[in-house]
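So the chains spell out like this:
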Amino acid sequence: MWQQLPVNIYPAAVIAIVPLLWIFLGMLKFKLPAYKVSLIAVAISILPAVFIWKMPLVYTAQSLLEGIILGFWPILWVVFSAVFTYNLSVRSGAMGKIKTMLSGISPDRRIQALILAFGFGGFLEAAAGFGTAVAIPAGILAALGFEPLFAAIICLVANTIPVAFGAVGIPITTLAEVTKLPVNSLTIYTALQLLPFVLILPAFLVVLTTGNLKGLKGVGGISLASGLAFGMGQTLTAWFIGPELSAVIGSLCALGLLIVWIKLLPVKIPWYFPGENCNKIKTTLNIDFVEGLKAWSPYILILVLILVTRMIPFLDFLNHFPFELKQQFYFGPGGKPMSFKLITNPGTVIVVSALIGAAFQGVPVKTMFIVAWATLKQIAKTIATVLSIVSLAKIMGYSGMISSVAAALSNITGGFFPLISPLIGALGTFITGSDTSANVLFGELQKQTALQIDANPSWIAAANASGATAGKMISPQSIAIATTATNLSGSEAKILSKTMKYAAGFVILLGIFVYSINYFFIN
């Protein structure tokens, strides 16, 4: 009977994991583009699903259709809206003004690294994602006089913690959709798992910048405070509001604290790179308040509108028919109607904010359409990749292939599985370049394995999202973006060798933390 696991679970698990292994080989060994590899992976998954797991063809087609629909809404809608907002800001000149405002706050190289790589980079990841958190800060740091290779590395390392809630929380909301686990639990658990690491990340960035622990002298307080501001802002938002604004508010808290602190308590002895002529470092600001407000207006509106639609009870009608539609596409075992929030969806909120902000900045309507079309062309390959990855996950999940892999993993690792949960997430991001895609690929696997070993499924699934943040700094896509932004094409191997050890340390410590909390407190 269909939906029963094959008797020999280990051979079955090996067969089930072939589509995932193909993704590794296709991208790393054969150097094929992600969208081509993903399309082939979908085709590979259909054969065992139908002939070994005996999934009826009609259910196979329905699972494929559900994957495509979920890929479009809300995942790709949020991706498009986030990149569209950023592109409009570039086109209007607003992003240039934001860069000027942030780069002129302090001449101290440590503070510049914290403001641009940690604070501003975190905000870009939270609000837009899609490589902006690496490309923009790395380019600014290089223009300010940072050694390009180092600028790329420090931005890659900084672009970890916000990734779990990047592009207005889409990795977590997608994880909830894929696993059918409570989004609130996943949000809170992910924030708690990342909290110890965000507290020390700013200090770690300062040590990287200066090359030794002595570099913290004079900025130890602001480093700790900015990490605390980010961590508490993100965690409290996750607890009381949800995933959409967790990293947005966390990064803004850190950025605001850095700016206010350095204005009230400037560094007494600014730190410069050895041999650097400090007289050439300018810190003048040429942007007045009104210009700054216009430049930031799309992102301010995103913050306000999401808060309003989440926290004002009167507006709850926007979450119900006719502003919410429900439709079922998969009618096999485990199938449920899908929900489509038309107004309160983060993608819709972001697009509305972008259009109002652009109008406030004086951008013509024709230009908005031009930017929208250019954005669609920019993410064309991403569209193919996301649709394929989500469809693959649906086929493997509904057919029972994921359950077979979970059964084998639980037998092999037993109660120690939480130790490697973050590693699985990191591998997902390393391959796909996306926390969202990593959650789609491995979220259900984490859940099923947790159930097999009697662990908390939400805690273990959250570890996938948390671990995926480590994989972001070593993802080939992220490194390619960093080298492009700093004119370092051909230096990918050097950057990977540097970031690999940091990613490994992060995953190991996170695995120990996830296992310890699961063992002593969660179960």
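Please read these numbers as outputs of a predicted model, since none were measured by experiment.

Caption draft 1: Quick look at the overall build of the protein. Broken down by element type, the protein carries 22 helices and two strands. Whereas a compact globule of 523 residues would reach a radius of gyration of roughly 24 Å, the protein reaches 23 Å, a difference of no more than 12%. Projected onto its principal axes, the C-alpha coordinates of the protein cover approximately 75 × 50 × 45 Å. For the protein, the proportion of its 523 residues judged to be buried stands at 57%. Taking as baseline every contact in the protein between residues at least 6 positions apart, the subset at least 24 positions apart corresponds to 81%.

Caption draft 2: Highlighting unusual backbone geometry. Residue Phe321 is joined to Pro322 through a cis peptide bond whose omega torsion reads 10 degrees. Inspection of the secondary structure assignment puts Pro322 in the loop between helix H13 (289–311) and strand E1 (324–327). For Lys180, which is not glycine, the phi torsion reads 60 degrees and is therefore positive. Looking at where Lys180 falls in the secondary structure, it is placed in the loop between helix H9 (166–179) and helix H10 (183–210).

Caption draft 3: Region of interest: the nonpolar core. Within the largest apolar cluster, 144 residues are counted, with the highest numbers of intra-cluster contacts made by Ile23 and Phe120. Element by element, the count of residues in this core is highest for helix H6 (residues 109–127), at 12 residues. Dropping the residues within four chain positions of it, Phe120 is found in contact with Met95, Ile98, Leu102, Ile115, Ile136, Ile140, Leu255 and Trp296. Val79, Ala354, Ala372 and Ile379 belong to the second largest nonpolar core, which has 12 residues in total.

Caption draft 4: Up close: helix H19 (residues 435–452). The end-to-end C-alpha distance of H19, which contains 18 residues, comes to 24 Å, matching closely the 26 Å that a straight helix rising 1.5 Å per residue would cover. Where H19 bends most, at Phe442, the angle is about 45 degrees. For H19, the tally of buried residues reaches 16 of 18 residues, placing the bulk of the element in the interior. The N-cap residue of H19 is Ser434: its side-chain oxygen and the backbone nitrogen of Thr436 are 3.1 Å apart. Asp454 sits one or two positions beyond H19 and adopts a positive phi of about 60 degrees.

Caption draft 5: Representation of a nonpolar patch on the surface in the model. Side chains of Phe289, Val290, Leu293, Ile300, Val304 and Phe360 sit close together on the surface and give an oily, nonpolar patch of about 560 Å² of accessible area. The element contributing the most residues to the nonpolar patch is H13, with five residues. Looking at where Ile300 falls in the secondary structure, it is placed in helix H13. When its relative accessible area of 37% is taken as the criterion, Ile300 is described as partly exposed.

Caption draft 6: Region of interest: the pattern of salt bridges. The tally for this structure, following the rule as stated, stands at four salt bridges. A salt bridge links Glu66 to Lys394, with the nearest nitrogen and oxygen atoms 2.9 Å apart. Of this pair, Glu66 sits in helix H4 (residues 57–92) while Lys394 sits in helix H16 (residues 380–399), and the two are 328 residues apart along the sequence. An identical accessibility class is assigned to Glu66 and Lys394; each is buried. Here Lys97 ties to Glu291 by a salt bridge, and the two come within 3.9 Å at their closest N and O atoms. Remark: Glu291 occurs in helix H13 and Lys97 occurs in helix H5 (residues 94–103); sequence separation between them is 194 residues.

Cut-offs used in this document
- Residues numbered from 1 in each chain as written.
- Predicted model: local features only at pLDDT ≥ 70, side-chain atom pairs only at ≥ 80, totals over all residues.
- Heavy atoms only, no water.
- Helix = DSSP H or I, 4+ residues; strand = E, 2+ residues; numbered from the N terminus.
- Rg over C-alpha atoms; globule rule 2.2 N^0.38 Å.
- Buried < 20%, exposed > 50% of the residue type's maximum accessible area, 1.4 Å probe, protein only.
- Contact = heavy atoms within 4.5 Å.
- Core = buried A, V, L, I, M, F, W, Y, C linked by side-chain atoms within 4.5 Å.
- Expected span 1.5 Å × (residues − 1).
- Bend = angle between axes of the 7 residues up to and from the residue.
- Polar contact = N/O pair within 3.5 Å; in protein donor to acceptor, adjacent residues only side chain to side chain.
- Patch = residues over 30% accessible without salt bridge, like charges linked within 9 Å, V, L, I, M, F, W, Y side chains within 5 Å.
- Areas by Shrake-Rupley, 256 points an atom, 1.4 Å probe, with all protein chains shown as cover.
- Salt bridge = Lys/Arg side-chain N within 4 Å of Asp/Glu carboxyl O.

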